[in-house]
Amino acid sequence: GAGTFLPWTPPRYYRRLQVTTGSTPGWRRVLPSREAPTDDAGLSGCYIEAAGPDQRCWAQAPFDSFRVYLLRQPGGGRVEVTVDGVPQFSEELASKEVDLAVLSKKLPASAAARRLELRTAGSGKVRVLGVSLERACGGVTYSPLGVLGARADILLKNRPDTFSRIVRAESPDLVSLFFGSFEVAG
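The structure displayed is predicted, hence computed values, not measured ones.

1. What to know about the overall build of the protein
Thought 1: When you go through the protein residue by residue, the secondary structure sums to one helix and eleven strands.
Thought 2: Overall, the protein shows an N-to-C arrangement of helices and strands of β-β-β-β-β-β-β-β-β-β-β-α.
Thought 3: A buried classification covers 42% of the 186 residues belonging to the protein.
Thought 4: When contacts within the protein are restricted to residue pairs at least 6 apart in sequence, long-range pairs at least 24 apart make up 76% of them.

Written out as C-alpha coordinates, the structure is:
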(Lines give C-alpha, C1' and ligand atoms only; values in the text may rest on other atoms or scores of the structure.)
Protein backbone atom coordinates (compact mmCIF):
# COMPACT_ATOMS: atom_id res chain seq x y z
CA GLY A 1 0.00 0.00 0.00
CA ALA A 2 0.88 3.65 -0.19
CA GLY A 3 1.68 3.90 3.53
CA THR A 4 1.62 7.08 5.62
CA PHE A 5 1.92 10.58 4.13
CA LEU A 6 0.26 14.01 4.00
CA PRO A 7 -2.59 14.56 1.51
CA TRP A 8 -1.62 17.95 0.07
CA THR A 9 -0.16 19.55 -3.03
CA PRO A 10 3.52 18.80 -2.50
CA PRO A 11 6.61 20.11 -4.25
CA ARG A 12 7.77 18.06 -7.23
CA TYR A 13 10.34 16.09 -5.19
CA TYR A 14 7.71 14.82 -2.66
CA ARG A 15 5.56 13.00 -5.21
CA ARG A 16 5.12 9.25 -4.90
CA LEU A 17 4.48 6.57 -7.50
CA GLN A 18 0.86 5.37 -7.78
CA VAL A 19 -0.33 8.10 -5.38
CA THR A 20 -1.97 11.35 -6.45
CA THR A 21 -2.46 14.02 -3.80
CA GLY A 22 -3.74 17.55 -3.81
CA SER A 23 -5.35 20.29 -1.77
CA THR A 24 -7.23 23.55 -2.09
CA PRO A 25 -5.27 26.76 -1.38
CA GLY A 26 -6.56 27.09 2.21
CA TRP A 27 -4.29 24.27 3.44
CA ARG A 28 -0.82 25.17 4.60
CA ARG A 29 2.05 22.86 5.43
CA VAL A 30 3.67 23.63 8.79
CA LEU A 31 7.06 22.58 10.13
CA PRO A 32 7.20 23.06 13.93
CA SER A 33 9.63 25.78 14.97
CA ARG A 34 12.77 24.89 16.89
CA GLU A 35 11.62 27.20 19.71
CA ALA A 36 8.25 25.48 20.29
CA PRO A 37 8.48 22.98 23.18
CA THR A 38 5.72 20.81 21.65
CA ASP A 39 3.81 20.95 18.39
CA ASP A 40 2.19 17.66 17.40
CA ALA A 41 3.26 16.97 13.84
CA GLY A 42 2.87 13.21 13.55
CA LEU A 43 5.47 10.86 12.13
CA SER A 44 6.31 13.00 9.11
CA GLY A 45 7.65 15.85 11.25
CA CYS A 46 5.23 18.35 9.71
CA TYR A 47 1.47 18.70 9.27
CA ILE A 48 -1.12 20.44 7.14
CA GLU A 49 -3.75 22.73 8.61
CA ALA A 50 -6.74 24.69 7.35
CA ALA A 51 -9.05 27.04 9.23
CA GLY A 52 -11.73 28.00 6.73
CA PRO A 53 -14.83 26.18 5.52
CA ASP A 54 -14.88 23.86 2.50
CA GLN A 55 -11.12 23.33 2.27
CA ARG A 56 -10.32 19.95 0.74
CA CYS A 57 -7.29 17.70 0.65
CA TRP A 58 -7.15 14.29 -0.96
CA ALA A 59 -5.17 11.22 -1.89
CA GLN A 60 -5.92 8.80 -4.69
CA ALA A 61 -4.36 5.33 -4.80
CA PRO A 62 -5.41 1.68 -4.60
CA PHE A 63 -6.33 0.93 -0.95
CA ASP A 64 -8.60 -1.33 1.09
CA SER A 65 -8.17 0.34 4.47
CA PHE A 66 -7.27 3.78 5.69
CA ARG A 67 -6.32 5.66 8.84
CA VAL A 68 -6.52 9.42 9.24
CA TYR A 69 -4.55 11.09 12.04
CA LEU A 70 -6.04 14.38 13.23
CA LEU A 71 -5.49 16.66 16.21
CA ARG A 72 -8.30 17.54 18.60
CA GLN A 73 -7.55 20.96 20.08
CA PRO A 74 -9.06 24.15 21.48
CA GLY A 75 -10.48 26.06 18.52
CA GLY A 76 -10.67 22.88 16.44
CA GLY A 77 -13.14 22.57 13.60
CA ARG A 78 -15.06 19.74 11.99
CA VAL A 79 -13.78 17.46 9.25
CA GLU A 80 -15.70 15.20 6.91
CA VAL A 81 -14.01 12.17 5.37
CA THR A 82 -15.25 10.53 2.17
CA VAL A 83 -14.05 7.70 -0.07
CA ASP A 84 -15.08 8.14 -3.70
CA GLY A 85 -17.65 10.68 -2.52
CA VAL A 86 -19.28 8.31 0.00
CA PRO A 87 -19.29 9.70 3.59
CA GLN A 88 -17.16 7.69 6.02
CA PHE A 89 -16.70 10.02 9.05
CA SER A 90 -17.77 13.43 10.31
CA GLU A 91 -15.53 14.32 13.23
CA GLU A 92 -15.64 17.25 15.64
CA LEU A 93 -12.10 18.35 16.53
CA ALA A 94 -12.87 21.07 19.09
CA SER A 95 -11.65 19.95 22.51
CA LYS A 96 -10.54 21.47 25.81
CA GLU A 97 -7.43 19.29 25.73
CA VAL A 98 -5.06 18.50 22.88
CA ASP A 99 -5.58 14.88 21.84
CA LEU A 100 -5.08 12.58 18.87
CA ALA A 101 -8.05 11.42 16.80
CA VAL A 102 -7.54 8.27 14.71
CA LEU A 103 -10.23 7.52 12.14
CA SER A 104 -9.82 4.03 10.75
CA LYS A 105 -11.87 1.90 8.40
CA LYS A 106 -11.59 -1.27 6.31
CA LEU A 107 -13.31 -1.31 2.93
CA PRO A 108 -14.20 -4.14 0.54
CA ALA A 109 -11.13 -5.27 -1.41
CA SER A 110 -10.62 -3.60 -4.77
CA ALA A 111 -7.72 -3.30 -7.20
CA ALA A 112 -8.98 0.07 -8.43
CA ALA A 113 -7.67 3.39 -7.19
CA ARG A 114 -9.91 5.14 -4.69
CA ARG A 115 -10.06 8.77 -3.63
CA LEU A 116 -9.88 9.60 0.08
CA GLU A 117 -10.93 13.20 0.68
CA LEU A 118 -11.00 15.36 3.81
CA ARG A 119 -13.15 18.50 3.84
CA THR A 120 -13.34 21.16 6.52
CA ALA A 121 -16.91 21.87 7.61
CA GLY A 122 -17.38 25.28 9.21
CA SER A 123 -14.78 27.37 10.98
CA GLY A 124 -12.07 26.19 13.34
CA LYS A 125 -8.66 24.63 12.73
CA VAL A 126 -8.34 21.19 11.19
CA ARG A 127 -4.85 19.73 11.60
CA VAL A 128 -3.98 16.61 9.62
CA LEU A 129 -0.96 14.71 10.98
CA GLY A 130 -1.12 12.13 8.20
CA VAL A 131 -3.14 9.51 6.39
CA SER A 132 -2.26 5.87 5.85
CA LEU A 133 -3.55 3.87 2.88
CA GLU A 134 -3.05 0.11 2.80
CA ARG A 135 -4.07 -2.88 0.70
CA ALA A 136 -5.26 -6.25 1.99
CA CYS A 137 -3.36 -8.22 -0.66
CA GLY A 138 -0.15 -8.49 1.37
CA GLY A 139 3.30 -7.25 0.48
CA VAL A 140 5.18 -4.19 1.67
CA THR A 141 3.70 -0.92 2.82
CA TYR A 142 6.36 1.78 2.54
CA SER A 143 6.03 5.01 4.51
CA PRO A 144 8.94 7.36 3.75
CA LEU A 145 8.58 9.99 6.46
CA GLY A 146 10.60 13.09 7.11
CA VAL A 147 11.22 16.66 6.10
CA LEU A 148 14.06 17.74 3.83
CA GLY A 149 16.47 19.91 5.78
CA ALA A 150 15.01 19.05 9.18
CA ARG A 151 16.85 17.40 12.04
CA ALA A 152 15.82 14.15 13.74
CA ASP A 153 14.89 16.01 16.94
CA ILE A 154 11.83 17.41 15.11
CA LEU A 155 10.05 14.18 16.13
CA LEU A 156 10.55 15.19 19.78
CA LYS A 157 8.12 18.08 19.22
CA ASN A 158 5.28 15.54 19.36
CA ARG A 159 3.82 14.84 22.76
CA PRO A 160 4.97 11.29 23.66
CA ASP A 161 1.36 10.06 23.75
CA THR A 162 0.69 11.32 20.22
CA PHE A 163 3.84 9.76 18.82
CA SER A 164 3.39 6.37 20.53
CA ARG A 165 -0.31 6.11 19.59
CA ILE A 166 0.45 6.74 15.92
CA VAL A 167 3.28 4.19 15.94
CA ARG A 168 0.99 1.63 17.62
CA ALA A 169 -1.75 2.28 15.04
CA GLU A 170 0.75 1.86 12.21
CA SER A 171 2.06 -1.38 13.77
CA PRO A 172 5.31 -1.52 11.76
CA ASP A 173 7.30 -4.74 11.43
CA LEU A 174 10.47 -2.84 10.54
CA VAL A 175 11.62 0.73 11.15
CA SER A 176 14.71 2.09 9.39
CA LEU A 177 16.23 5.39 10.44
CA PHE A 178 18.43 7.43 8.11
CA PHE A 179 20.20 10.60 9.15
CA GLY A 180 21.95 13.16 7.00
CA SER A 181 24.66 15.71 7.53
CA PHE A 182 22.38 18.06 9.52
CA GLU A 183 22.74 15.66 12.48
CA VAL A 184 26.50 16.25 12.81
CA ALA A 185 26.11 20.00 13.33
CA GLY A 186 25.79 21.32 16.89
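2. Side note on the side chain of Arg 127
Thought 1: Along the polypeptide, Arg 127 turns up in strand β11 (residues 126-134).
Thought 2: A polar atom in the side chain of Arg 127 sits 2.9 Å from the side chain of Asp 39.

3. What about the environment of Phe 5?
Thought 1: Mapped onto the elements, Phe 5 comes out in strand β1 (residues 3-5).
Thought 2: The class for Phe 5 is buried, based on a relative accessible area of 8%.
Thought 3: Residues Phe 5 and Val 131, 126 residues apart in the sequence, show an inter-C-alpha distance of 5.6 Å.
Thought 4: Among all residues touching Phe 5, those that are not within four sequence positions of it are Arg 16, Val 19, Thr 21, Ala 59, Gly 130, Val 131 and Leu 133.

4. Here's the deal with unusual backbone geometry
What you tend to see is this: most non-glycine residues have negative phi, and most peptide bonds are trans.
Thought 1: In this structure, Asp 54 takes a positive phi of about 60° despite not being glycine.
Thought 2: Along the chain, Asp 54 turns up in the loop between β4 (47-50) and β5 (56-62).
Thought 3: The exposure class assigned to Asp 54 is partly exposed, which follows from its relative accessible area of 38%.
Thought 4: Positioned with a positive phi, Asp 84 is a non-glycine residue whose angle comes to about 50°.
Thought 5: Since its relative accessible area comes to 48%, Asp 84 is described here as partly exposed.

5. Topic: helix α1 (residues 160-170)
Thought 1: Turning to α1, its buried residues are Thr 162, Ile 166 and Glu 170. Buried residues of α1, viewed axially, fall in a sector of 60°; they line one side. With respect to the buried face of α1, the exposed residues turned more than 90 degrees away are Pro 160 and Arg 168.
Thought 2: Turning to α1, the residues buried within the fold contact β1, β6 (65-72), β9 (99-106) and β11.
Thought 3: Of the residues trailing α1, Ser 171 is marked for its positive phi of about 50°.

6. With respect to the sheet that holds strand β10 (residues 113-121)
Thought 1: The antiparallel open sheet is built from five strands, whose spatial order is β2-β5-β10-β7-β8. The open sheet has two edge strands, β2 (20-23) and β8 (86-92), and neither has a second partner. Put simply, the sheet's adjacent strands are angled 15° from each other on average, direction ignored.
Thought 2: The pairing of β2 with β5 spans four bridges and is classified as antiparallel.

7. Things to note about the nonpolar core
Thought 1: Counting 29 residues, the largest nonpolar core has Phe 66, Val 68, Leu 70, Leu 116, Leu 118 and Leu 133 as the members making the most contacts within it.
Thought 2: At the level of secondary structure, the elements contributing two or more residues to this core comprise β4, β5, β6, β7 (78-83), β9, β10 and β11.
Thought 3: Examining the composition of this core, we find that four residues originate from one element, β11, more than from any other.
Thought 4: Not counting chain neighbours up to four residues away, the residues in contact with Leu 133 comprise Gly 1, Ala 2, Gly 3, Phe 5, Ala 59, Ala 61, Phe 63, Ser 65, Phe 66, Leu 116 and Thr 141.
Thought 5: In this structure, Val 30, Leu 71, Leu 129 and Ile 166 belong to the second largest nonpolar core, which totals nine residues.

About the criteria used
Residues numbered from 1 in each chain as written. Predicted model: local features only at pLDDT ≥ 70, side-chain atom pairs only at ≥ 80, totals over all residues. Heavy atoms only, no water. Helix = DSSP H or I, 4+ residues; strand = E, 2+ residues; numbered from the N terminus. Buried < 20%, exposed > 50% of the residue type's maximum accessible area, 1.4 Å probe, protein only. Contact = heavy atoms within 4.5 Å. Polar contact = N/O pair within 3.5 Å; in protein donor to acceptor, adjacent residues only side chain to side chain. Arc of directions from axis to C-beta. Pairing = 2+ DSSP bridges. Axes fitted to C-alpha atoms, helices over the stretch in contact; angles between N-to-C directions. Core = buried A, V, L, I, M, F, W, Y, C linked by side-chain atoms within 4.5 Å.

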